[in-house]
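Listed below, chain by chain, are the residues.
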Amino acid sequence: MASSPRALHSSNSEEPRKYTKFHPSLWGDFFLTYQPPTTPQSASMKERAEMLREDVRNIVKGTKELPEILNLIITLQRLGLDSYYESEIDKLLHGVYKSDCHNDNDMNLVSLRFYLLRKNGYNVSSDVFLKFKTKDGNFVNADTRSLLSLYNASYLRTRDEKVLDEAISYTTCRLQDALPHLESPLAMEVSSFLDIPLFKKVGIIEARSYIPIYEKESTRNEAILEFAKLNFNIQQLVFCQELKECTMWWKDIHTKSKLSFVRDRIVELYFWMNNACYYPTCSLSRIVLTKTTAIITILDDIFDTYGTTEECMQIAEAIYRWDESAVSLLPEYAKGFYLCLLDTFTSFEDELGPEKSYRVFYLKERMKHLVRLYCNELKWRNEDYVPSMSEHLQVTMETVGSVALTCAAFVGLGDIITREAFEWILSCPQFFKSFAIFVRLTNDLVTTQREQTGDHSPSSVHCYMKEHGTTMQDAFEKIKQLSEDSWKDMIQGSLMLEDQPKVVPRTVVDLSRTAVYMYKQCDTFTTSETLKEIIKLLFVEPIPE
């Protein structure tokens, strides 16, 4: 739960409540009526895309040489096309894994191989990069493309991989020095990756950015390029329909509730959740995620900003009961919202059908657990209690919402997600803890200074300052280090999940990537003006053919 200034007041007070007022939605009802310009051609677009998809499949099957295989796979991933060829790519990567590349002195080739294998769950050794070290501790001279590949590969590091830590430091300096002298499209790529490394980039945003870059490459394949453009524009039509549904649902909640104090961000929420589940088969996951996140946002704003302690306890009790009869417990402004919450989760069950509706039970349980932890934070705040870092993270790694949202994402996925997978999620294994800690610390790094005024829960920065007697600046530096360590732990954990389907670590890492994007410079969800242009690129403006 992102801490915010909050006025402590009595529920019986007749004075106007003081609470943080957020700027209104930038989008309003825009997506209720908007249709992208490509809508009239959707049928012919889909037919052409089907043909191109099979043409590209033949290209994938016909690629035999290692350099071409690696370049093709990474191109398909960056263009957002890899999900159409999962079995073919898995087969190719298995062959790459079995191939002997340890004696290869091509830095670019070794880096691409390492990147793709680790990204796809192969626990390959980083010792393959030791051959590129020099006696003085640096790395051998290499061209910019090779340095860029090494740079991107190194961000799949785990703890205690010194060679990858050193590779990041070395390549970052070399690429920064080279950047002013490069020409596009390579200059655009280097600049983009120095901002956010490839492995940490959000897939759908990378696809939108890379398509025009790929179009300028002399080695481009015209069929792949055309399919990438058509696929993006077709998906944009689907996204707009989903946005319309979510916007209508959001308006209905506001019609039935008195929620003028909450952040009106349904479009931004959909953008955020779309980034985590942008694959064509994930439509239900996107909708469940968006609505669940909107509900969590409302609860967050009540507990953090608007509600009295008494009201928050009443709302918590109603959530625990999860029954319409509990509405009588609630303050007037929350009654309509609570009934909409119940109706929304019932609609999830109806959409899933009798064989999969059990999944919603696990999501409900996670929501109840989330509210229990909100109450813990409320107690800390009311008592002006600053816990130790360990005690703080035990609670706040979940109140940031990451585990509940992962559960919501899995609710809408296909048959590959089982009851056992949900039981595993609810046990909060170490892999999930690393993920949740990463999201919490990443959030705190950009929200702590904004929340210095008013009454709010202590952040990890404050807890570290008190526990270790440091300055805020020193605490920030330590939290940055702990955040990166938790990312490394998450990568290590993902490589050890042999008993879980690949969609499990993939979804968690995709959610982590959204945190990198949303919290890179500021809390872009709260100060959502910064998202306006990228939302237009993803949902409003088609890619020119």
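Definitions and limits used
- Residue numbers restart at each chain and count upward from 1, following the sequence in its written direction.
- Confidence filtering applies because this is a predicted model: local features only for residues at pLDDT of at least 70, side-chain atom pairs given and counted only at 80 or more, and all residues used for totals across whole chains, interfaces and linings.
- Side-chain measures here rest on the full set of heavy atoms in the structure, leaving out hydrogens and waters.
- Every helix listed is a DSSP run of H or I at least four residues long, and every strand listed is a run of E at least two residues long, numbered separately from the N terminus.
- Here the globule rule reads 2.2 Å times residues to the power 0.38, and the radius of gyration is calculated from C-alpha atoms.
- To sort residues, take the accessible area from a 1.4 Å probe on protein chains only and compare it with the maximum for the residue type: under 20% means buried, over 50% means exposed, and anything in between is partly exposed.
- Contact criterion: two residues are considered in contact whenever any of their non-hydrogen atoms come within 4.5 Å of each other.
- Angles shown run from 0 to 180 degrees and are taken between the N-to-C directions of axes, each axis being a line fitted to C-alpha atoms and, for helices, limited to the stretch in contact.
- Should an angle fall under 35 degrees it is taken as roughly parallel, and over 145 as roughly antiparallel, whereas 65 to 115 is taken as roughly perpendicular and any remaining angle as oblique.
- Helix crossings are classified by the rotation of the near helix relative to the far one: an anticlockwise turn of less than a right angle makes the crossing left-handed, while a clockwise turn makes it right-handed.
- Throughout, the ten residues Ala, Val, Leu, Ile, Met, Phe, Trp, Tyr, Cys and Pro are labelled nonpolar, Asp, Glu, Lys and Arg are labelled charged, and all others, Gly among them, are labelled polar.
- A pairing counts as a salt bridge when a side-chain nitrogen of Lys or Arg comes within 4 Å of a carboxyl oxygen of Asp or Glu.
- Two rings from Phe, Tyr or Trp (for Trp, the six-membered ring) form a pair when their centres sit within 6.5 Å of each other. Planes less than 30 degrees apart are called stacked, planes more than 60 degrees apart edge-to-face, and all others tilted.
- Both a distance and an angle decide whether a charge sits over a ring: NZ of Lys or CZ of Arg must be within 6 Å of the ring centre and within 35 degrees of the ring normal.

### A short note on the overall build of the chain
What the chain contains, in helices and strands, is 23 helices and zero strands. Relative to the compact-globule value of 24 Å for 545 residues, the chain shows a C-alpha radius of gyration of 24 Å, a close match. For the chain, the C-alpha atoms occupy an extent of roughly 75 × 60 × 45 Å along the three principal directions. Going through the 545 residues of the chain one by one, you find that 58% of them count as buried. A fraction of 76% describes how many contacts in the chain between residues 6 or more apart in sequence connect residues 24 or more apart.

### Some words on the packing of helix α13 (residues 309-321) against helix α15 (residues 358-382)
Axis separation between α13 and α15 bottoms out at 9 Å; the angle between their running directions is 160°. Here α15 runs roughly antiparallel to α13, going by the angle between their axes. The two elements α13 and α15 meet at a crossing, and its hand is left-handed. Residue-level contacts link Thr309, Cys312, Met313, Ala316, Ile319 and Tyr320 of α13 to Met367, Lys368, Val371, Arg372, Cys375, Leu378 and Asn382 of α15. Of the residues assigned to the contact of α13 with α15, the class counts are nine nonpolar, two polar and two charged.

### Section: the environment of Thr527
With respect to the element layout, Thr527 can be found in the loop between α22 (503-518) and α23 (532-539). Taking the C-alpha atoms as reference points, Thr527 and Arg263, 264 residues apart in sequence, are found 10.0 Å from one another.

### Topic: the pattern of salt bridges
Scanning all chains against the criterion turns up 41 salt bridges. The partner of Lys251 in a salt bridge is Asp29, and the shortest N-O contact between them spans 3.4 Å. On the criterion of sequence distance, the pair formed by Lys251 in helix α10 (residues 222-256) and Asp29 in the segment before α1 (30-33) is long-range, its members being 222 residues apart. A salt bridge links Glu215 to Lys229, with the nearest nitrogen and oxygen atoms 2.7 Å apart. Within this pair, whereas Glu215 is found in helix α9 (residues 203-215), its partner Lys229 is found in helix α10, the two being separated by 14 residues in sequence. On the basis of relative accessibility, which here comes to 35%, the residue Glu215 falls in the partly exposed class. When its relative accessible area of 8% is taken as the criterion, Lys229 is described as buried.

### Details of helix α20 (residues 460-468)
Among all positions in α20, only Ser460, Val461, His462, Cys463 and Tyr464 are buried. Positive backbone phi, at 65°, marks Gly469, one or two positions downstream of α20.

### Points about the environment of Ile204
Topologically, Ile204 is positioned in helix α9. Setting aside chain neighbours within four positions, we find Ile204 in contact with Phe232, Phe239, Asn274, Asn275, Tyr278 and Leu538.

### Digging into the packing of aromatic side chains
If you walk through the whole model with that rule in mind, you get 37 aromatic pairs. Between Trp27 and Phe31, the ring centres sit 5.6 Å apart and the planes meet at 40°, which makes this aromatic pair tilted. Like Trp27, the residue Phe31 is buried in the burial classification. Between the aromatic rings of Trp272 and Tyr519, the centroid separation amounts to 5.8 Å while the plane-to-plane angle is 85°, which identifies the pairing as edge-to-face. Highlighted residues: Trp272 in helix α11 (residues 266-276) and Tyr519 in the loop between α22 and α23, separated in sequence by 247 residues. Under the relative-accessibility criterion, Trp272 is labelled buried at 12%. Judged by its relative accessible area of 8%, Tyr519 is buried. An aromatic cluster of at least three residues, connected via ring pairs, comprises Trp27, Phe30, Phe31, Tyr34, Phe239, Tyr270, Phe271, Tyr517 and Phe539. Its guanidinium or amino end placed over the ring of Tyr210, Arg78 lies 3.7 Å from that ring's centre, counting from NZ or CZ. Here the basic side chain of Arg208 rests over the ring of Phe232, its NZ or CZ set 5.7 Å away from the ring centre.

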